[in-house]
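# Geometric and topological summary
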Amino acid sequence: MLDWRELKILCHSCTRCGLCETRHNVVFGVGKENADILLVGEGPGEQEDLTGEPFVGPAGKLLDDMLTIIDLDRNSNCYIANIVKCRPPKNRDPLETEQEACIPYLRNQVALIRPKILICLGRIAAQRLIDPDFRITKQHGQWVEKNGVWMCAIYHPSALLRDVKKRPETFEDLLSIRKKIQELGIPL
Ligand code: URA
């Protein structure tokens, strides 16, 4: 396992998959490095690629608002990362091979952060981290404990921008996350 400094250096020079050829920036992750809560998205979009920070585009603005509802904030009490750290062209889903190449970096981040709660943002993260057959429409908001970490998935903020009808269910899921934070005695 690498420490934060070593891991950042390695990620920023990564050529493990083809995404390195089109990226402007590696989007390493942001937040409190020993946060109790980790959120994992899919992969950087255009704004993220240009700035090097996750969830800074329209979906990111919505994510920040969602976090505020449950007293979370990217700068003070959670960490935000992605399954792949470089932007897939035209925002396509990251390929299986790209996810495989990149996932060891996220695993190293998880080992360093040691979160108590891990929230998958959308299907891609849920299928990679919770269950390959994960059905986001059916299983969002359901909790599983894996290796001592409580995990659940919610709809991706981009899906909530496209389809506002999903928002009430997501509000319930956010309340369930807030409850889990309280049950585990996590100070915010
Ligand atoms: N969507 C993601 O999944 N991750 C980001 O960082 C931005 C948009």
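Higher on the page you've got the structure.
Every value quoted in this text rests on a predicted model; they were computed, and no experiment measured them.

This part is about the site of the ligand. Taken together, the residues surrounding the ligand are G41, E42, G43, E48, P54, F55, N82 and H156. Between a nitrogen atom of the ligand and a main-chain N or O atom of G43, the distance comes to 3.0 Å. One of the backbone nitrogen or oxygen atoms of F55 is found 3.1 Å away from an oxygen atom of the ligand. When the ligand sits alone it has 240 Å² of accessible area, and the protein chains cover 92% of it. Classifying every residue of the shell around the ligand by side-chain character gives two nonpolar, four polar and two charged.

Helix α4 (residues 96–113) packs onto helix α1 (residues 4–12) with a crossing angle of 165° between their chain directions and a minimal axis gap of 11 Å. Regarding the angle of α1 to α4, the classification is roughly antiparallel. Seen from above, α1 lies across α4 with left-handed handedness. Only Y105, N108, Q109, L112 and I113 of α4 make contact with α1, whose side of the interface consists of W4, L7, L10 and C11.

Let us now look at the packing of helix α3 (residues 58–69) against helix α8 (residues 167–183). Contact geometry of α3 with α8 gives a least axis separation of 10 Å together with a crossing angle of 45°. Taken together, the axis directions place α3 and α8 in an arrangement best described as oblique. Our pair here, α3 against α8, has a crossing hand that is right-handed. Contacts between α3 and α8 involve L62, M66 and I69 from the first element and R167, T170, F171 and L174 from the second. For the contact of α3 with α8, a count of residues per class yields five nonpolar, one polar and one charged.

What counts and what doesn't
Residues numbered from 1 in each chain as written. Predicted model: local features only at pLDDT ≥ 70, side-chain atom pairs only at ≥ 80, totals over all residues. Heavy atoms only, no water. Near = heavy atom within 4 Å. Polar contact = N/O pair within 3.5 Å; in protein donor to acceptor, adjacent residues only side chain to side chain. Areas by Shrake-Rupley, 256 points an atom, 1.4 Å probe, with all protein chains shown as cover. Nonpolar A, V, L, I, M, F, W, Y, C, P; charged D, E, K, R; others polar. Axes fitted to C-alpha atoms, helices over the stretch in contact; angles between N-to-C directions. Helix = DSSP H or I, 4+ residues; strand = E, 2+ residues; numbered from the N terminus. Parallel < 35°, antiparallel > 145°, perpendicular 65-115°, else oblique. Left-handed = near helix turned anticlockwise from the far one by under 90°. Contact = heavy atoms within 4.5 Å.

Honestly, that's just the spatial picture; any functional story needs more than this.
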